[in-house]
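Geometric and topological summary
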Amino acid sequence: MRHPFLRISQGFDNNMPTGMKKKTEKKYIIKTWRTMKRHLRSFVKNHEQEDLHRFRTGVKKLRALLILGDSAAKDPVLEKRFKPVRKIFKHAGEIRNAYINQELGKAVGENTDFIREQQQIMKITTRRFNADKDQHSAWLRKTRRSLLKRIRPISKHHLSLYYRQQLEIIATTINPPRFNEELHTCRKQLKVLLYNYPLARPELDLPFNEPYLDQVQAAIGDWHDNELAIALLSTTADTRNSKETLKGLKKQATVLKRQLTRLTLNFREQASPPAVI
C-alpha cells in the first residue's frame, strides 16, 4: 500500500538528538519478528487459525514501520526488501479468506455445498502453504537480516510532519465518509499510524487521540466486513433463509453507515484535539 505522502523531510539524520532511534526500531523488529515466526511455525504444526491471524498481524505491524521508514528516506528500499514476507502473507491470506467465508456460511445458514467448497479451498491452500515451509523460513531469515542492516533513525521533525499529513489525508476522505474502497484504504492508513504510535508517541509534538482513531478504524472494519458478507451472499443465496439474511445484512449496512458518519463528524478536531492551556 503506497501512501500519497510527500517527502516533507529527510528523517534519517544521525545528527538529530531526538527522534525514533535506530536501536529502538531494531529491538521492535526483532521482538515482533520472533513472535510472528513462532505463530507461523505453530500454524504449520497445528493448523490453528488464530496462529495464522497473529502471524498476519505481525506482518502488518512490521510493514507499518517500514512504510514510515521509507517515507523519510532519500532512497526508500525497506518495503521493497519486505516483498518476500508479503508473499507469505498473501498465501496465508488465501487460507484465511476461505476460513472466514466458511464461518460466514455457517453463521448465515448457507447451503452445505458452499461450505464444502470453502473447506476444500482451505484444505488445498493449507497443504500448498505448508509444503513451502522451508522456503518461507529462508525468506524470513534473509529478509530480517537485510532489513536490520538498512533500518535508520527517524527524526522527531519528520515523525510529527508525517502524522500531521497522514491525518489530513485521511480527514479529506473520511469527512464525510465515502462508502467505497477509498474508505477501506483510510482504515489501512489509520492502522499504520496506530501500529507505529507506541514507538512514535514519545517524539510526537501533536496530540493523537489513539482511542478515538482506533474506534474509527474498527467501525470502518465492521462496515467493510458487512459489505463483504453482502457480496458473498448475493452470489450464493438460494434459500428463503439466505435471502432473509441478505436483507438483514443490507439493513445493517445502513445502520453502520449512519453510525460511522456520526462518529467521523469533526474528524480533524477529534483525531488531534487542540491542547488545553
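The preceding data block contains the structure.
I will try to describe carefully the structure that is included in this document. (Residues numbered from 1 in each chain as written. Predicted model: local features only at pLDDT ≥ 70, side-chain atom pairs only at ≥ 80, totals over all residues. Heavy atoms only, no water.)

**A look at the overall build of the protein chain**
Across its full length, the protein chain holds 11 helices and 2 strands. What you see in the protein chain, going N to C, is helices and strands ordered as β-α-α-α-α-α-α-β-α-α-α-α-α. Burial status across the protein chain gives 45% buried among its 277 residues. In the protein chain, 80% of the contacts between residues at least 6 apart in sequence involve partners at least 24 apart. Accessible surface for the protein chain amounts to roughly 15,300 Å². Of this, 50% is attributable to carbon and sulfur atoms. (Helix = DSSP H or I, 4+ residues; strand = E, 2+ residues; numbered from the N terminus. Buried < 20%, exposed > 50% of the residue type's maximum accessible area, 1.4 Å probe, protein only. Contact = heavy atoms within 4.5 Å. Areas by Shrake-Rupley, 256 points an atom, 1.4 Å probe, with all protein chains shown as cover.)

**Brief notes about the pattern of salt bridges**
A full pass over the atoms with the stated rule returns 5 salt bridges. Across the pair glutamate 79 and arginine 63 runs a salt bridge whose closest N-O atoms are separated by 2.7 Å. Of this pair, glutamate 79 sits in helix α3 (residues 78–81) while arginine 63 sits in helix α2 (residues 49–71), and the two are 16 residues apart along the sequence. Residue classification places glutamate 79 among the buried residues on the basis of a relative accessible area of 7%. (Salt bridge = Lys/Arg side-chain N within 4 Å of Asp/Glu carboxyl O.)

**Overview of the nonpolar core**
Core analysis: the largest hydrophobic core is formed by 62 residues, its most contacted members being Trp33, Tyr163, Phe208, Leu213, Ile220 and Phe267. At 10 residues, the largest contribution of residues to this core is made by helix α8 (residues 181–200). Dropping the residues within four chain positions of it, isoleucine 220 is found in contact with Ile174, Leu183, His184, Cys186, Arg187, Leu190 and Leu260. Core analysis: the second largest hydrophobic core is formed by 6 residues, Ala229, Leu233, Leu246 and Leu249 among them. (Core = buried A, V, L, I, M, F, W, Y, C linked by side-chain atoms within 4.5 Å.)

**Looking at the packing of helix α1 (residues 22–46) against α2**
Close contact between α1 and α2 brings their axes to 8 Å; oriented N to C, the two are set at 155°. Between α1 and α2, the angle falls in the class roughly antiparallel. Along this stretch, α1 crosses α2, giving a crossing that reads as left-handed. Every residue of α2 that contacts α1 at Glu25, Tyr28, Ile29, Thr32, Trp33, Met36, His39, Leu40, Ser42 and Phe43 is listed here: Gln49, Asp51, Leu52, Arg54, Phe55, Gly58, Val59, Lys61, Leu62 and Leu65. Across the contact of α1 with α2, the residue classes tally to 11 nonpolar, 5 polar and 4 charged. (Axes fitted to C-alpha atoms, helices over the stretch in contact; angles between N-to-C directions. Parallel < 35°, antiparallel > 145°, perpendicular 65-115°, else oblique. Left-handed = near helix turned anticlockwise from the far one by under 90°. Nonpolar A, V, L, I, M, F, W, Y, C, P; charged D, E, K, R; others polar.)

**Brief notes about the environment of aspartate 70**
Counting through the fold element by element, aspartate 70 comes out in helix α2. In this structure, the C-alpha to C-alpha distance between aspartate 70 and arginine 152, residues 82 residues apart in sequence, is 9.6 Å.

**Structural notes on the environment of leucine 232**
On the secondary structure map, leucine 232 appears in helix α9 (residues 210–236). The spacing of leucine 232 and asparagine 101 is 131 residues in sequence and 8.1 Å in space, taken between C-alpha atoms. Beyond its immediate stretch of four places on either side in the chain, leucine 232 contacts Asn101, Leu104 and Phe114.

**Observations concerning the packing of α2 against helix α4 (residues 83–107)**
Contact geometry of α2 with α4 gives a least axis separation of 10 Å together with a crossing angle of 140°. Here α4 runs oblique to α2, going by the angle between their axes. The way α2 lies across α4 gives a crossing that is left-handed. In contact with Gln49, Leu52, His53, Phe55, Arg56, Val59, Lys60 and Arg63 of α2, α4 contributes Val85, Arg86, Ile88, Phe89, Ala92, Gly93, Ile95, Arg96 and Tyr99. Across the contact of α2 with α4, the residue classes break down as 9 nonpolar, 3 polar and 5 charged.

**So, the side chain of glutamate 203**
Along the chain, the position of glutamate 203 falls in the loop between α8 and α9. Given the relative accessible area of 14%, glutamate 203 is considered buried. Polar side-chain contacts of glutamate 203 include one of 3.3 Å to the backbone nitrogen of glycine 19. Excluding residues that lie within four positions of it along the chain, glutamate 203 makes contacts with Thr18, Gly19, Met20, Lys156, Leu159 and Ser160. (Polar contact = N/O pair within 3.5 Å; in protein donor to acceptor, adjacent residues only side chain to side chain.)

**Focus on the environment of leucine 52**
Locating leucine 52 in the fold gives a position in helix α2. Overall, the relative accessible area of 0% leaves leucine 52 in the buried class. Taking the C-alpha atoms as reference points, leucine 52 and isoleucine 95, separated by 43 residues in sequence, lie 8.7 Å from one another. Excluding residues that lie within four positions of it along the chain, leucine 52 makes contacts with Phe43, Ala92, Ile95 and Arg96.

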